[in-house]
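Each chain, written out:
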Amino acid sequence: MAKVCQLFSGSSGNSILISSKGHNLLIDIGVSAKRCEQALMNIGIDPGSIDAVLVTHEHSDHTKGVRVFASRHKIPVFAGDGCIDRLYADNIVNDKIEVLGIDRHIQLSGMEILSFRLSHDSVDCRGYRINLPEGRSVSVCTDTGYITENAKEVLKGTDLIFIESNHETSMLMAGSYTYMLKQRILGDKGHLSNFACSEYIKELAQSGTTRFVLSHLSQENNMPEIARQTAVSALSEIGLQQDRDYRLYVSPPENTGGVIAL
């Protein structure tokens, strides 16, 4: 049985565990290595059992613990080629770590990993779809201003998706952020709003996706219940009912709900 868990979510740090047939992957480590290790142990995963870390992009809320964790446990790090250059430049990785590029897809620990490009103000930002040996698929699509055509092509039919539902636009506009920061978040290289997320998950649901994990919520410009209700309302527009046709989760900043079994 495969299982997944969002260990951390949001601007304070992001990390997702994907586990299948005794093999474990981490997507991003945006907290200290020590906190990540403790979070893994809290759900019964030995940090030394991680096979690899997949990095989406170089921002610190996705990479803070990568160098120490990878060095300590002697595991490889995968990222897009453009991102790798920035990881070295920013000392997020060094020559003591095996760093490997991922262009479109690789086979790793019995899993097929497909990468796709996202629109974010970073270097070579990627999302990932992991096709598991059990026949299920798990995808991660966060930190993007909009859903790219490449993402739509790869994500169609995924069983479960961690998808960004970053902000409620009215809260962002009325909030304390500077005008420039608001424009960055709202722009094509920023973050998905609740509405943009909800519109896209209708497409995913119609392609066969049945589990949605709303991720990377802003603590300043969003509320979990607003994000949830926006998604539920959108899916009801196409005749789908929560807990009958799909399951919906909202990731807190730090995991409190255990793992999701597939």
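For the structure given in this document, a descriptive report is provided here. None of these values were measured; they are calculated from a predicted model. (Residues numbered from 1 in each chain as written. Predicted model: local features only at pLDDT ≥ 70, side-chain atom pairs only at ≥ 80, totals over all residues. Heavy atoms only, no water.)

To continue, consider the overall build of the chain. Secondary structure assignment for the chain yields nine helices and 14 strands. Radius of gyration (C-alpha) of the chain: 17 Å, near the 18 Å computed for a compact globule of 262 residues. Buried residues in the chain amount to 55% of all 262 residues. A fraction of 64% describes how many contacts in the chain between residues 6 or more apart in sequence connect residues 24 or more apart. (Helix = DSSP H or I, 4+ residues; strand = E, 2+ residues; numbered from the N terminus. Rg over C-alpha atoms; globule rule 2.2 N^0.38 Å. Buried < 20%, exposed > 50% of the residue type's maximum accessible area, 1.4 Å probe, protein only. Contact = heavy atoms within 4.5 Å.)

Right, let's get into the sheet that holds strand β11 (residues 160-164). Read from one edge to the other, the open sheet built from seven strands follows the order β7-β8-β9-β10-β11-β12-β13, with strand pairing classed as mixed. Taken across any chain shown, the strands that pair with only one partner, and hence form the sheet edges, are β7 (105-108) and β13 (247-250). Mean inter-strand twist for the sheet, computed between neighbouring axes without regard to direction, equals 15 degrees. In this structure, strand β10 (residues 137-141) lies alongside β11, joined through four bridges in parallel fashion. Across the sheet, C141 pairs through a bridge with I163, a residue of β11. Of the strands in this sheet, β11 and β12 (211-215) touch helix α8 (residues 194-207), which is tilted by about 165 degrees from β11. (Pairing = 2+ DSSP bridges. Axes fitted to C-alpha atoms, helices over the stretch in contact; angles between N-to-C directions.)

This next bit is on the nonpolar core. With 29 residues, the main nonpolar core has L7, L26, L40 and F69 as its most contacted residues. Taken together, the elements giving at least two residues each to this core come down to β1 (3-8), α1 (33-42), β4 (50-54), α3 (66-73), β5 (77-79) and α4 (81-89). A total of four residues in this core trace back to one element, the largest contributor, which is α1. When sequence neighbours within four positions are dropped, the list of residues in contact with L7 reads S15, I16, L26, C36, A39, L40, I43, P253, E254 and N255. (Core = buried A, V, L, I, M, F, W, Y, C linked by side-chain atoms within 4.5 Å.)

To continue, consider α8. With 14 residues, α8 should reach 20 Å at 1.5 Å per residue; the first-to-last C-alpha distance of 20 Å fits that figure. For α8, the set of buried residues is N194, C197, S198, Y200, I201, K202, L204 and A205. Residues of α8 that are buried in the fold lie against α5 (149-155), β11, β12 and α9 (224-237). Positive phi appears at G208, one or two residues downstream of α8, with a value of about 120 degrees. (Expected span 1.5 Å × (residues − 1).)

Spatial relationships are all this shows, so hold off on functional conclusions.
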